[in-house]
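Structural description and commentary
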Amino acid sequence: MAFPPGDMVAAFGNFLHFQSLESTFLERHPELADRVEFNAASPFFLKVNLPGERSVVLARGSYKLQVAWTIVDPSPHSDPSVWALDTSVEVLVDALHARAAAHVFSTPVPSPLRWDEGEASDMTQLADLLDARGVRVRRVVAGNRWFARGSRSDPELVLVHESAGAYVDAELADAFVRISVKPALGWMVDAYIRDWGAWGRVDLARSLWDQSAAAPGVSLTTVSVDEVADVIGKGPAHWGTSFPWEPVRRSASRGRVPSMRQDSLFPIEEPEPDAMALFEDEAAPDPSTSVTAAGRGIPRAVVDQLNMLGFNAVPTGDFAAPIHSEGFDVQIRDGGTKDLSLSEMERLNGLASAAGEDLPKRLILVTGAGISRPAAAFADKAKAFVFHIDRSTARLTPLTTRTRQAMLPETAPRDHDLDPW
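Read on for an overview of the structure. Note that this is a predicted model, so its numbers are computed, not measured.

Conventions we followed
Residues numbered from 1 in each chain as written. Predicted model: local features only at pLDDT ≥ 70, side-chain atom pairs only at ≥ 80, totals over all residues. Heavy atoms only, no water. Helix = DSSP H or I, 4+ residues; strand = E, 2+ residues; numbered from the N terminus. Buried < 20%, exposed > 50% of the residue type's maximum accessible area, 1.4 Å probe, protein only. Areas by Shrake-Rupley, 256 points an atom, 1.4 Å probe, with all protein chains shown as cover. Polar contact = N/O pair within 3.5 Å; in protein donor to acceptor, adjacent residues only side chain to side chain. Contact = heavy atoms within 4.5 Å. Pairing = 2+ DSSP bridges. Axes fitted to C-alpha atoms, helices over the stretch in contact; angles between N-to-C directions. Parallel < 35°, antiparallel > 145°, perpendicular 65-115°, else oblique. Nonpolar A, V, L, I, M, F, W, Y, C, P; charged D, E, K, R; others polar.

**A short note on the overall build of the protein chain**
When helices and strands are tallied, the protein chain shows ten helices and 16 strands. Within the protein chain, the fraction of its 421 residues that count as buried is 46%. Surface summary for the protein chain: the accessible area is close to 21,000 Å², and the carbon and sulfur share equals 53%.

The structure is reproduced here in structure tokens:
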């Protein structure tokens, strides 16, 4: 018995799916029934005809070997609305209808569909509140994590990673801001200040209550969406934003750092004559290099980066105890080349808990090595933060899921996700 080829089966499945989309649209939105047209020959698409020989079209769009549901609007500068393939039929037809109805009846696309979201959430509510305050909302990422970027003739499909949380990107006159909810940390706000050319973290707790939080994030139960929107709407002058940290670069001249901005942030000190190396298998610091990246300077660089990320309960100590914190036990270890094991992670976490006078301390571990998966899972469960440190620059990078949620965005915001026509 001969079976039909796979591409024929797939085409028939797509045909049935589009039939379902058409019937659902007619059932849910009969007022536009006379404008709906289903193209039943490949390529399949469903469109709503508009006055002036225009239309809003729903189809499966191809993006460099990836496929996603795409709604194309006839407005000259509008970006396509992109949805995952497993998006429900009801959400797709409602999104198609919302954009078509906006043209037919001259009404705005309602929330949450105006933000390419199928369900209302804290993020869509925040976007609505910011928009009402005159803040330009660039993107909402919550249930729908897909969008298109790059050339309009050959765009790429972008999937936002879960570690970014749910967020709203918004643009003010002098700053670009990302307001996010991270699963493990709560509300976080990061600002890209154009004059700096880099991201900085907004101390949301200080902006709200004039009192900094010990660690990054503000609990969802302690602040309302409206309060967050109010802070953002006031602009950067009302935010407590940390200055971005730059990696240290080795310098040929004694005690100099190439960056003028960093030079003003991190005053250069002469190394102690008898200073011990940070890592046991390293030689003593070379006096011809910046001490921010060696010897006593590494704890300083670690603290600077932790403070920048919102660990405000980690102050710089003295030379004997360069990092001292009431709430955290900060440990800087070499670790060789072997990944940190589960048993070692459990031991270090136990030592951190015991280090507290009245309450257990939480562990912040900075290591020159990696970490095993069981150890990383335990660290997240214990609410510890684990960073890798680059010996040459002193830059910290995250090694666990919880730590990744504490990091700043990695790339500068684009002027346009899709290139303008």
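**Looking at the environment of His-161**
Tracing the chain through its elements places His-161 in the loop between β8 (155-159) and β9 (166-171). In this structure the C-alpha to C-alpha distance between His-161 and Arg-145, which are 16 residues apart in sequence, comes to 7.9 Å. Looking at His-161, its side chain comes within polar contact range of the main-chain nitrogen of Ser-163, at 2.9 Å.

**So, the environment of Ala-170**
Relative to the helices and strands, Ala-170 resides in strand β9. Along the primary structure Ala-170 and Ile-232 are separated by 62 residues, whereas in three dimensions their C-alpha atoms are 9.1 Å apart. Setting aside residues no more than four positions away along its own chain, Ala-170 makes contact with Leu-130, Val-135, Arg-136, Val-137, Arg-138, Ala-175, Phe-176 and Val-177.

**Notes on the pairing of strand β11 (residues 186-193)**
Moving residue by residue along a regular strand, the side chains alternate between the two faces of the sheet. Of all the eight residues making up β11, eight are buried; the element is thus mostly covered by neighbouring parts of the structure. Relative to β11, strand β10 (residues 175-182) is paired through eight bridges, and the arrangement is antiparallel. Bridging across to β11, Lys-182 finds its partner in Gly-186. Once β10 ends, the chain turns through three residues before running back antiparallel as β11. Inspection of the sheet shows β11 paired to strand β12 (residues 198-202) by five bridges, in the antiparallel sense. The partner of Val-189 across the bridge, within β12, is Val-202.

**Topic: the packing of helix α8 (residues 342-354) against helix α9 (residues 373-381)**
Contact geometry of α8 with α9 gives a least axis separation of 8 Å together with a crossing angle of 25°. On the basis of the axis angle, α8 is roughly parallel to α9. Residues Leu-342, Met-345, Glu-346 and Asn-349 of α8 form the contact with α9, whose participating residues are Pro-374, Ala-375, Phe-378 and Ala-379. For the contact of α8 with α9, the class distribution of residues is six nonpolar, one polar and one charged.

**A look at the sheet that holds β9**
Read across the open sheet, the five strands follow the order β6-β9-β10-β11-β12; overall the sheet is antiparallel. Looking at the sheet topology across the chains shown, the edges are occupied by β6 (136-141) and β12. Each neighbouring strand pair of the sheet contributes to a mean axis angle of 20°, computed without reference to strand direction. Judged from the five bridges that link them, β6 and β9 form a sheet pairing that is antiparallel. Across the sheet, Arg-136 pairs through a bridge with Glu-171, a residue of β9.

**Remarks on the side chain of Thr-400**
Within the element layout of this structure, Thr-400 appears in the loop between β16 (396-398) and α10 (401-405). There is a polar contact of 2.6 Å between the side chain of Thr-400 and the side chain of Thr-403.

All quantities given are derived from atomic positions and should not be read as evidence of function.
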